[in-house]
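Chains, contacts and geometry: an overview
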Amino acid sequence: MSAVIDRSWRDPALLGKALPAVLLQTTCFLAPLLMTIALTFQRTRDFQLSWTWSLHTWTDVFTKAHYWTILGHTLFMATLCVALCLLIAFPVAYALASRLRAFQNHVKVLITFAFLTDATLKTFGWVLFLDKNGAANYLARGLGFEGDAVNILFTDWATMLGMVYNLLAFAIFTIYLSIDEIDRSLVLAAYDAGASKFRAFWEVTLPLARPGIWAGAVLIFLLAVGVFLEPKVLGGGKSPMSAELIRQTFETRVNWPLGAALTMVLMTVAVFVVLLFNRVYSLKRHLGPA
Amino acid sequence: MNWNRNGMTGQVAPILDIRDIRKSFGAYQALKGVSLSVAPGEFLALVGPSGCGKTTLLKHVAGFEEPDSGAIAIDGQDMLGVPAAARPTSMVFQKLALFPHMSVADNIGFPLKLRKVDAGTIAKRVMAMIELMQLKPEYLTRFPRQLSGGEQQRVALARSMISEPKLLLLDEPLSALDVKLKKVLQAELKRLHRSVGVTFVHVTHDLEEAMMLADRICVMRAGEILQVGQPNDIYYRPADAFVAGFIGDTNLLPVEIRSVDAAGAAVAAPGIFGEARISAALMAPGLLAGPAQLMVRPELLAPLESDGRADFELDARVSEIFSKGGTVQYRAQLTDGSPLIFELAGSSTQPAGIGETIRLGFANRDIYLFQGGNAG
């Protein structure tokens, strides 16, 4: 196997065929990334970028706790969002692949529609819903609660609600796909071998749904680390997350090197977390269940 | 009880007793009152065209389906309402259903693990199954996808046998294999059945397989049992034209029963052969005078020498010749235009070429007569 790969590097015909892909990757991905890295080593003067090489930005990044607090908060929110999405999405996906099979196409269309509706629109919709004089409190009063029973707008709770709401579909679809692929006779075989419904689920369905769960988790984590709409609109900008900090640094503070440096930090951490995920996952798969 | 149709080969209490079960899926009647008894240690094959209800019947025995009415008892115990997990049955699935995320050892040991058997005992019994199935011990740590089709088959069999079920249910497990491997595993199944003495109920659409393996064959069509009997009975004494046609190639000659008495009947086939007598043993029960069908298997026809005589004689014009290697099959037309298939042992010279007419004969003992109608 490895012999083939080694030789392929020296095969000019093969390299030629790979050229378009290599070019595309270089111009669209590698070059901007390298430019961003280069940008972090520049200085600004009077809100103008001056091309002087310096480590000033990086000393700033590594000495100010503020940036790291925001990063920590972002990672915490993203992790919580992943956990909540998986907890909600799994039963939904499971029902879709089993009990609601007859309606699964309708449900899938509905989820897709909700999913494709512009996230900004939906997020502002939540503001109207959660507002002190909004629909949520109207309903709460109707149910006999006193005063403003729903008072979470402009808190981290509202941010989390928006994040889970906007990202949930990713987990539903990835998990649904992996559950749907499970051969029904495997579950029957588990029953036949003497397994209870719970045991069959635990020993067969859940382990086989694992690829979808991991895929959904990685997708949602990467997207959740990058959210700026929800903390701004639903969280009221009171506890910004990394993406919002980066936006402010570029737009409001017009400090491009710092913005670029914060971007690199966020990217590195996100990539590191995903690699860690991957390692644990492939390790588990390699060893198999105990 | 009629020995041929429902009965078992002895007087022992049946291990499986199915009484008049019915099952509908919506408006579709999958099982229309099926009764069947299986003796302990028997190898029973359930055969029929797809959609005949054979797999549905098997699922009722396994506990994956509950009948609308009727009763199922295994070893004298009523099974209605008993979940699959609690039934003393084990199924080998069509697609094998090996757990892809478990090693071979975990797959085979799974039923014991669920029964809370300790790890040491499980390992010992898995090893014993591996030996019984003639698998290599180094396969234990592999995953199902790393094994060949035949090896996966053996692992699936090992998993279903390790819990020592009273009934082993096989749902066409050999249907996806190539012919050569199929032959090997058929022999293997037969050997297993003989060595472990478990009762096998084997669903298949492959009649040759059923004839090879089973002690008794149960032929189903459209949710009903048409005939239960030993392979030879099914082959030479089919219950009706459908069973005759389903099981191998056959000839159904339209004949006329002229008269019936206790000893037999006088039949004639206008335009094919003249009047002949058939003894009662070669007739389906309850036949009356009138149109009937005379069945003769292709391999029982033989060419007649110019001065030779046979109980029945007919002329056939050969239209096609298929060489099967050991045997050669001839498709021909009789003098009245009806088709005839006959099969002769292969030889370097052919008794007749395409377009030639050959005189054939068959003996009185090699036929079976049953009710007329279309040869469906």
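Residues numbered from 1 in each chain as written. Chains lettered and ligands numbered in written order. Predicted model: local features only at pLDDT ≥ 70, side-chain atom pairs only at ≥ 80, totals over all residues. Heavy atoms only, no water.

**Concerning the overall build of chain A**
The secondary structure content of chain A amounts to 13 helices and 2 strands. Over its C-alpha atoms chain A spans a radius of gyration of 24 Å, topping by over 25% the 19 Å that the globule rule assigns to 290 residues. Overall size of chain A, expressed as C-alpha extent along the three principal axes, is 70 × 70 × 35 Å. Here the contacts in chain A between residues at least 6 apart in sequence split such that 67% fall between residues at least 24 apart. Only carbon and sulfur atoms are counted for the fraction: they give 71% of the accessible area of chain A, which is about 17300 Å². (Helix = DSSP H or I, 4+ residues; strand = E, 2+ residues; numbered from the N terminus. Rg over C-alpha atoms; globule rule 2.2 N^0.38 Å. Contact = heavy atoms within 4.5 Å. Areas by Shrake-Rupley, 256 points an atom, 1.4 Å probe, with all protein chains shown as cover.)

**Section: the sheet that holds strand β12 (residues 264–269) of chain B**
Residues and elements named next belong to chain B. Taken in spatial order, the 5 strands make up an open sheet running β13-β12-β11-β14-β20, and their pairing is antiparallel. Here the strands that pair on one side only, and so sit at the sheet edges, are β13 (273–279) and β20 (367–371). Between one strand and the next, the sheet's axes are offset by a mean angle of 40 degrees, whatever the strand orientation. By the bridge criterion, 5 bridges tie β12 to β13 in an arrangement that is antiparallel. From the neighbouring strand, Ala 269 faces β13, where its bridge partner is Phe 273. (Pairing = 2+ DSSP bridges. Axes fitted to C-alpha atoms, helices over the stretch in contact; angles between N-to-C directions.)

**A word on the interface of chain B and chain A**
On the chain A side, the residues contacting the 23 residues of chain B number 18 residues. Taken together, chain B and chain A are joined by 2 salt bridges. For the salt bridge of Lys95(B) with Asp183(A), the shortest nitrogen-to-oxygen distance reads 3.7 Å. At the surface where chain B touches chain A, the tally comes to 5 residue pairs in polar contact (both at pLDDT 80 or more). Looking at the side of chain B that touches chain A, the elements with two or more residues in it are β6 (89–92) and α2 (104–114) of chain B. It is α2(B) that provides the largest number of residues to the side of chain B that touches chain A, a total of 5 residues. (Salt bridge = Lys/Arg side-chain N within 4 Å of Asp/Glu carboxyl O. Polar contact = N/O pair within 3.5 Å; in protein donor to acceptor, adjacent residues only side chain to side chain.)

**Here's the deal with the domain arrangement of chain B**
Parsing chain B into structural domains produces domain 1 (16–236) and domain 2 (252–371). Computed over C-alpha atoms, the centres of domain 1 of chain B and domain 2 of chain B are 39 Å apart. (Domains from an automatic or database assignment.)

**Regarding the sheet that holds β6(B)**
Residues and elements named next belong to chain B. An order of β6-β7-β8-β3-β9-β10 is seen for the 6 strands of this open sheet, with the pairing classed as mixed. If you trace the sheet from one side to the other, it starts and ends with β6 and β10 (224–229), each paired once. The average undirected angle you get between the axes of adjacent strands in this sheet is 20 degrees. When strand β9 (residues 216–221) meets β10, the two strands line up antiparallel, connected through 5 bridges. Bridge assignment links Arg 221 to a residue of β10, and that residue is Glu 224. Packed onto the sheet, helix α4 (residues 149–161) meets β6, β7 (167–171) and β8 (199–204) and runs at close to 170 degrees relative to β6.

**Some thoughts on the pattern of salt bridges**
Should the charged atoms of two oppositely charged side chains come close, the side chains can pair. Residue and element names in this part refer to chain A. The final tally for this structure, using the stated rule, is 24 salt bridges over all chains. A salt bridge links Arg 101 to Asp 180; the nearest nitrogen and oxygen atoms lie 2.9 Å apart. Of this pair, Arg 101 sits in the loop between α4 (65–97) and α5 (104–116) while Asp 180 sits in helix α8 (residues 156–180), and the two are 79 residues apart along the sequence. Here Asp 180 falls in the partly exposed class, since its relative accessible area comes to 30%. (Buried < 20%, exposed > 50% of the residue type's maximum accessible area, 1.4 Å probe, protein only.)

**What to know about the state of the cysteines**
Joining two cysteines, a disulfide is a covalent bond between their sulfur atoms. Residues and elements named next belong to chain B. Counting across every chain of the model gives 0 disulfides over all chains. Free of any disulfide, Cys 52 has its nearest cysteine sulfur in Cys 218, 8.7 Å distant. When its relative accessible area of 1% is taken as the criterion, Cys 52 is described as buried. On the basis of relative accessible area, Cys 218 is assigned to the buried category, the value being 0%. (Disulfide = S-S within 2.5 Å.)

**Quick word on the pairing of strand β17 (residues 327–334) of chain B**
Residue and element names in this part refer to chain B. The pairing of strand β16 (residues 312–323) with β17 spans 7 bridges and is classified as antiparallel. Within β17, the residue paired with Phe 322 across the bridge is Gln 329. Adjacent in sequence and paired antiparallel, β16 and β17 are bridged by 3 residues, among which Gly 325 carries a positive phi angle near 100 degrees. Sheet analysis places β17 next to strand β18 (residues 339–345), joined by 7 bridges and oriented antiparallel. Counterpart to Thr 327 in the pairing with β18 is Ala 345.

**Re the packing of aromatic side chains**
Think of a pair of aromatic rings as described by two things: how far the centres are apart, and how the planes are tilted against each other in angle. Residues and elements named next belong to chain B. Enumeration according to the criterion identifies 22 aromatic pairs over all chains in this entry. Taking the centre distance of 5.1 Å and the plane angle of 45 degrees together, the rings of Phe 43 and Phe 200 count as tilted. Of the two residues, Phe 43 sits in strand β3 (residues 43–47) while Phe 200 sits in strand β8, which places them 157 residues apart along the sequence. Taking the relative accessible area as the measure of exposure, Phe 43 reaches 1% and is therefore buried. A relative accessible area of 0% means that Phe 200 is categorised as buried. Both rings, one in Phe 312 and one in Phe 362, keep their centres 4.9 Å apart while their planes meet at 10 degrees; by these two values the pair is stacked. Of this pair, Phe 312 sits in strand β16 while Phe 362 sits in strand β19 (residues 357–362), and the two are 50 residues apart along the sequence. (Phe/Tyr/Trp six-rings, centres within 6.5 Å; stacked < 30°, edge-to-face > 60°.)

**Comments concerning the side chain of Lys54(B)**
Residues and elements named next belong to chain B. Mapped onto the secondary structure, Lys 54 falls in helix α1 (residues 54–62). Here Gly 48 takes part through its backbone oxygen, which lies 3.1 Å from a polar atom of the side chain of Lys 54. Beyond its immediate stretch of four places on either side in the chain, Lys 54 contacts Leu 46, Val 47, Gly 48, Pro 49, Glu 172, Val 203, Thr 204, His 205 and Met 220.

**Here's the deal with the environment of Ala78(A)**
Residue and element names in this part refer to chain A. Examined against the element boundaries, Ala 78 turns out to sit in helix α4. Here Ala 78 falls in the buried class, since its relative accessible area comes to 0%. Residues Ala 78 and Met 163, 85 residues apart in the sequence, show an inter-C-alpha distance of 8.7 Å. Those residues in contact with Ala 78 that sit more than four places away from it in its chain are Met 163, Phe 221, Ala 224 and Val 225.

**Focus: the packing of helix α6 (residues 119–130) of chain A against helix α7 (residues 135–142) of chain A**
Residue and element names in this part refer to chain A. Across the interface, α6 lies against α7 with an axial gap of 4 Å and an inter-helix angle of 35 degrees. On α7, the residues touching Leu 128, Phe 129 and Leu 130 of α6 are Ala 135, Ala 136 and Asn 137. A class-by-class count of the residues in the contact of α6 with α7 yields 5 nonpolar, 1 polar and no charged. (Nonpolar A, V, L, I, M, F, W, Y, C, P; charged D, E, K, R; others polar.)

**A short note on α1(B)**
Residues and elements named next belong to chain B. Taken across its 9 residues, α1 has 7 buried, putting it largely inside the fold. Within α1 the residues assigned to the buried category are Lys 54, Thr 56, Leu 57, Leu 58, His 60, Val 61 and Ala 62. Backbone geometry just downstream of α1 places Gly 63 in the positive-phi region, at approximately 100 degrees.

**Quick word on α2(B)**
Taking burial as the measure, the 11 residues of α2(B) include 8 buried ones, the bulk of the element. For α2(B), the full list of buried residues reads Val104(B), Asn107(B), Ile108(B), Gly109(B), Phe110(B), Pro111(B), Leu112(B) and Leu114(B). The secondary structure elements touched by the buried residues of α2(B) are α9 (184–192) and α10 (197–225) of chain A together with α3 (119–132) and α4 of chain B. Directly after α2(B), the chain includes Lys116(B), whose backbone phi takes a positive value near 60 degrees.

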